[in-house]
Structures are given as C-alpha cells and as structure tokens.
Amino acid sequence: MIIPLAISVALLGGVATWLFMVSDAFLIWAAFMAWACFYHSGGDAAAFRTTVVSNLFGVAVAWTAGLVIAGVPGGAVWGASVVAASIAVYILAAHIKAFSSIPAVTYGYACTFAYLTQNADAFTPGVLLSVSGRNALLLIPVSMIIGAMFAYASAVLAAQINRILAPGTVRAT
C-alpha cells in the first residue's frame, strides 16, 4: 500500500500547497502537521476525529497560555512557568478520552507556539483577542482542519489506487 499512499499524498500534497499558496490565508506547515497526525493516529475515520479534536485542544491550551504570557508581563521565567503549567494541564487532560492522544494535542500546541513565537505582532493581547486572520485561535485550527481533511482524502484516494493497481485482492487500509 506504500506506492498508492505515495501517489495519493504526493498529488494531494501538491494540490494543498497550491491552494495554500494562492490563498495566502492559512499555514501549510500547520496543515502538514495535522496530516502527519492523522497517519500517526491510524489513518482512518477514528484518526480523523482524534486529529481534529486533539489538535484543536492543543491549540486552545497554547492560545490560553500565550494570552496569559502576553497579558501579564514577567519575562522568560514567567513565560516558561506558564508553558510548564499548560503542558501539565494538557497531559493531565489525557484522562479524558477525547484528549487522550498526547502527541496529537502536542501537535496543535506546538503549531500555535511556533506561529506566536515567529510572529511577535500576533503575540499580543490585542491580536490574540481579535476576530482576525492573525489570531492563532482562528488561524491554526482552520489550517489544521484543512490538513486533516486532505489527510483523510489521501487515505481514501490511496485505497482507490490500491484497488486499481491490485485488482482481485482485498487489503486492509
């Protein structure tokens, strides 16, 4: 199934990249993180749910931590303490089935902090509380959901290609 998967991910990866480049509204790297998360989580319908729910939870935790850091000045020790506490929260939340994939939550968390730390103008209370495309709480989830959708589509396409390349055989996907 590796050849069909390579074909489907390559084709849809190219399409996704083109769409992200022409729209210039979302983050292709966040989409690819969700795409990887989908396959890391099993590459099926349950993995899609895990990816979306856990990635979004990670984004929400990181966004909250970012808002606290940006809103309460305190320097590097303060920021590190807030991040440490927020990581403990999301790991402890793994007791809740919907948030039990710690790696999937971490992908959303990491994408959010990657965006915030690389875009200082977005790491302000004003932007973090805005209804704009610069707000990480809006930008990262949309990018990751689109990535998860492309990932699911790539799994479906790979299964179709597999049926064409290996007619008469039944394989689990």
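To start, this report covers the structure provided alongside it.

Conventions we followed
Residues numbered from 1 in each chain as written. Predicted model: local features only at pLDDT ≥ 70, side-chain atom pairs only at ≥ 80, totals over all residues. Heavy atoms only, no water. Helix = DSSP H or I, 4+ residues; strand = E, 2+ residues; numbered from the N terminus. Buried < 20%, exposed > 50% of the residue type's maximum accessible area, 1.4 Å probe, protein only. Contact = heavy atoms within 4.5 Å. Areas by Shrake-Rupley, 256 points an atom, 1.4 Å probe, with all protein chains shown as cover. Polar contact = N/O pair within 3.5 Å; in protein donor to acceptor, adjacent residues only side chain to side chain. Core = buried A, V, L, I, M, F, W, Y, C linked by side-chain atoms within 4.5 Å. Patch = residues over 30% accessible without salt bridge, like charges linked within 9 Å, V, L, I, M, F, W, Y side chains within 5 Å. Salt bridge = Lys/Arg side-chain N within 4 Å of Asp/Glu carboxyl O. Disulfide = S-S within 2.5 Å. Expected span 1.5 Å × (residues − 1). Arc of directions from axis to C-beta. Phe/Tyr/Trp six-rings, centres within 6.5 Å; stacked < 30°, edge-to-face > 60°.

1. Here we look at the overall build of the protein
Then, number 1: Counting its secondary structure elements, the protein contains 7 helices and 0 strands.
Then, number 2: Scanning the protein from its N terminus toward the C terminus, one meets helices and strands in the order α-α-α-α-α-α-α.
Then, number 3: The buried share of the protein, reckoned over its 173 residues, is 38%.
Then, number 4: Of the contacts formed within the protein by residues at least 6 apart in sequence, a portion of 68% connects residues at least 24 apart.
Then, number 5: Accessible area of the protein: about 8800 Å², with a carbon and sulfur share of 74%.

2. With respect to the environment of threonine 124
Then, number 1: Along the chain, the position of threonine 124 falls in the loop between α5 (102–118) and α6 (125–128).
Then, number 2: Sequence separation between threonine 124 and phenylalanine 32 is 92 residues, and the spatial gap between their C-alpha atoms is 26 Å.
Then, number 3: For threonine 124, the side chain forms a polar contact with the main-chain oxygen of aspartate 121, separated by 3.4 Å.

3. Topic: the nonpolar core
Then, number 1: Ranked by size, the top nonpolar core spans 17 residues in total, and within it Leu27, Tyr115, Leu116, Ala136, Ile140 and Met144 carry the most contacts.
Then, number 2: Mapped onto this core, the elements with two or more residues apiece are α2 (28–40), α3 (45–71), α5, α6 and α7 (136–165).
Then, number 3: For leucine 116, the contacting residues outside a window of four places in its chain are Gly66, Ala122, Phe123, Leu128 and Ala136.
Then, number 4: If you look at the next biggest cluster of nonpolar residues, it comprises 12 residues, including Val61, Ala65, Tyr90 and Val105.

4. Thoughts on a nonpolar patch on the surface
Then, number 1: Together, Ile2, Ile3, Ile7, Leu11, Ile164 and Leu165 make up a nonpolar patch on the protein surface, roughly 630 Å² of accessible area in all.
Then, number 2: Elements represented by at least two residues in the nonpolar patch include exactly α1 (2–23) and α7.
Then, number 3: No other element matches α1, which puts 4 residues into the nonpolar patch.
Then, number 4: Among the residues examined, isoleucine 164 registers a relative accessible area of 66% and is labelled exposed.

5. What to know about the state of the cysteines
Where two cysteines share a covalent bond between their sulfur atoms, that bond is called a disulfide.
Then, number 1: Tallying each qualifying case throughout the model produces 0 disulfides.
Then, number 2: The closest cysteine sulfur to the non-disulfide-bonded cysteine 111 is located on cysteine 37, 9.5 Å from its own sulfur.
Then, number 3: For cysteine 111, a relative accessible area of 1% gives the class buried.

6. Quick look at the pattern of salt bridges
Then, number 1: Under the defined criterion, the tally for this structure stands at 1 salt bridge.
Then, number 2: Close ionic contact of aspartate 121 with arginine 134 constitutes a salt bridge, the shortest N to O distance being 2.7 Å. Taken together, the positions of aspartate 121 in the loop between α5 and α6 and arginine 134 in the loop between α6 and α7 put the pair 13 residues apart, joining distant regions of the chain.
Then, number 3: Arginine 134 gets classed as partly exposed once you look at its relative accessible area, which sits at 32%.

7. Structural notes on the side chain of serine 143
Then, number 1: As for its position among the elements, serine 143 is in helix α7.
Then, number 2: Ignoring anything within four residues of it in the chain, the contact list for serine 143 reads Phe20, Phe26, Leu27, Ala30 and Ala31.

8. Thoughts on helix α4 (residues 75–92)
Then, number 1: With 18 residues, α4 extends 26 Å between its outermost C-alpha atoms, agreeing within 8% with the 26 Å of an ideal straight helix rising 1.5 Å per residue.
Then, number 2: Those residues of α4 lying buried are Gly79, Val82, Ser86 and Tyr90. Take α4 and look down its axis: the buried residues cluster within an arc of 70°, on one side only. In α4, those exposed residues whose orientation departs by more than 90 degrees from the buried face are Val77 and Leu92.
Then, number 3: Contacts from the buried residues of α4 go to α3 and α5.

9. Observations regarding the packing of aromatic side chains
Then, number 1: Scanning the entire structure with this criterion turns up 10 aromatic pairs.
Then, number 2: Taken together, a centroid distance of 5.6 Å and an interplanar angle of 35° make the contact between phenylalanine 32 and tryptophan 35 tilted. Separated by 3 residues within a single helix, phenylalanine 32 and tryptophan 35 lie in helix α2, roughly one turn from each other.
Then, number 3: On the accessibility criterion, phenylalanine 32 (35% relative accessible area) is partly exposed.
Then, number 4: On the accessibility criterion, tryptophan 35 (4% relative accessible area) is buried.

Honestly, it's all geometry; don't read function into it.
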